[in-house]
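# Results of the structural survey
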Amino acid sequence: MRAYIIRRLLLMIPTLFLVSLIIFFLARLIPGSVVDEILANQMVSQNVLSREDIEEKLGLDKPIYVQYGIWIADLFQGDMGDSLWTGRPVTESIFPK
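Along every chain, residues carry numbers that run from 1 in the direction the sequence is written. Reporting in this predicted model follows two pLDDT cut-offs: at least 70 for local features of residues, and 80 or more for side-chain atom pairs to be given and counted; totals over whole chains, interfaces and linings ignore these cut-offs and use all residues. Working from all heavy atoms in the structure, the side-chain values ignore hydrogens and water.

Runs of H or I in DSSP of at least four residues are treated as helices and runs of E of at least two as strands, each being numbered from the N terminus. Along the chain, the regular secondary structure elements total five helices and zero strands. Put simply, the chain runs from its N terminus to its C terminus through helices and strands in the order α-α-α-α-α. Both definitions apply: the radius of gyration is a C-alpha atom measure, and the globule rule equals 2.2 Å times residues to the power 0.38. Whereas a compact globule of 97 residues would reach a radius of gyration of roughly 13 Å, the chain reaches 18 Å, over 25% beyond that. Principal-axis analysis of the C-alpha atoms gives the chain an extent of 65 × 35 × 20 Å. A contact between two residues is defined here by any heavy atoms of the two lying within 4.5 Å. Nonlocal contacts in the chain, meaning residues at least 24 apart in sequence, comprise 43% of its contacts between residues at least 6 apart. Accessible surface computed for the chain: about 8,000 Å², of which carbon and sulfur atoms make up 66%. In this tally, Asp and Glu contribute negative charge and Lys and Arg positive charge; neither His nor the terminal groups of the chain are included. A single reference atom marks each charge: NZ on Lys, CZ on Arg, CG on Asp, CD on Glu. Measuring between centres, the 9 positive side-chain charges of the chain sit 17 Å from its 11 negative side-chain charges. All accessibility values rest on the Shrake-Rupley procedure with a 1.4 Å probe; residue burial counts only the protein chains present in the view.

Below, the structure is given as structure tokens:
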């Protein structure tokens, strides 16, 4: 029984890795671009950033494998980033104080 539980726990590691890859890349395949959406919303605000500035701020100017590495490292540290719309940390939105 103990061997079964250990084997199952060890099989969770590659499963979670594959699920994280699928989630990350499916989010990149969604039609449209978050940068385009931010640029469209900036037309009504005072601070206008260029496409390159927004991509740099979001880390989209880096290769996709580097983006995944940063995303997974931040996730392990409990940092889910900031909301694109409110600017507040996502963890505060999920777990309000």
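Residue placement: Q67 occurs in helix α4 (residues 64-76). Distance and chemistry together define a polar contact, namely a pair of N or O atoms within 3.5 Å, with one atom able to donate a hydrogen and the other to accept it when in protein, and with adjacent residues in sequence counting only for side-chain atoms on both sides. A distance of 3.2 Å separates polar atoms of two side chains, one belonging to Q67 and the other to R28. Other than its neighbours up to four places away in sequence, Q67 contacts F24, R28, G59, L60 and K62.

Attention now moves to a negative patch on the surface. Like-charged residues are merged into a patch within 9 Å and nonpolar side chains (Val, Leu, Ile, Met, Phe, Trp, Tyr) within 5 Å, provided each residue has over 30% relative accessible area and no salt bridge. In the sections that follow, a salt bridge refers to a side-chain nitrogen of Lys or Arg positioned within 4 Å of a carboxyl oxygen of Asp or Glu. There is a patch of like negative charges on the surface, built from E52, D53, E56 and D61. Topologically, D61 is positioned in the loop between α3 (51-58) and α4. Any residue under 20% of the maximum accessible area for its type is buried, any over 50% is exposed, and the rest in between are partly exposed; the area is computed with a 1.4 Å probe on protein chains only. The exposure class of D61 is partly exposed, given its relative accessible area of 47%.

For every element, the axis is a line fit to its C-alpha atoms; helices are fit only across the contacting stretch, and the angle between N-to-C directions ranges from 0 to 180 degrees. Look at helix α1 (residues 2-29) against α4: their axes get within 11 Å of each other, and the N-to-C directions meet at 120°. The angle between α1 and α4 falls in the class oblique. Between α1 and α4 the crossing geometry is right-handed. On α4, the residues that touch F17, S20, L21, I23, F24, F25 and R28 of α1 are I64, Q67, Y68, W71 and I72. Residues of the contact of α1 with α4, tallied by class, amount to nine nonpolar, two polar and one charged. Any angle between 65 and 115 degrees counts as roughly perpendicular, while under 35 counts as roughly parallel, over 145 as roughly antiparallel, and the rest as oblique. Two helices crossing with the near one rotated counterclockwise from the far one by less than a right angle form a left-handed crossing, whereas a clockwise rotation gives a right-handed crossing. In this classification, the charged set is Asp, Glu, Lys and Arg, the nonpolar set is Ala, Val, Leu, Ile, Met, Phe, Trp, Tyr, Cys and Pro, and all remaining amino acids, among them Gly, are polar.

Quick look at the pattern of salt bridges now. Throughout the structure, instances matching the rule amount to three salt bridges. Between R51 and D36 there is a salt bridge, and its shortest N-O distance comes to 2.0 Å. In this pair, R51 is assigned in helix α3 and D36 in helix α2 (residues 34-42), connecting sequence segments 15 residues apart. With a relative accessible area of 38%, D36 lands in the partly exposed category. Here R88 makes a salt bridge to E92, at a shortest N to O gap of 3.7 Å. By relative accessible area, E92 is classed as partly exposed at 30%. Among the charged side chains, a salt-bridge network with shared partners connects D36, R51 and E55.

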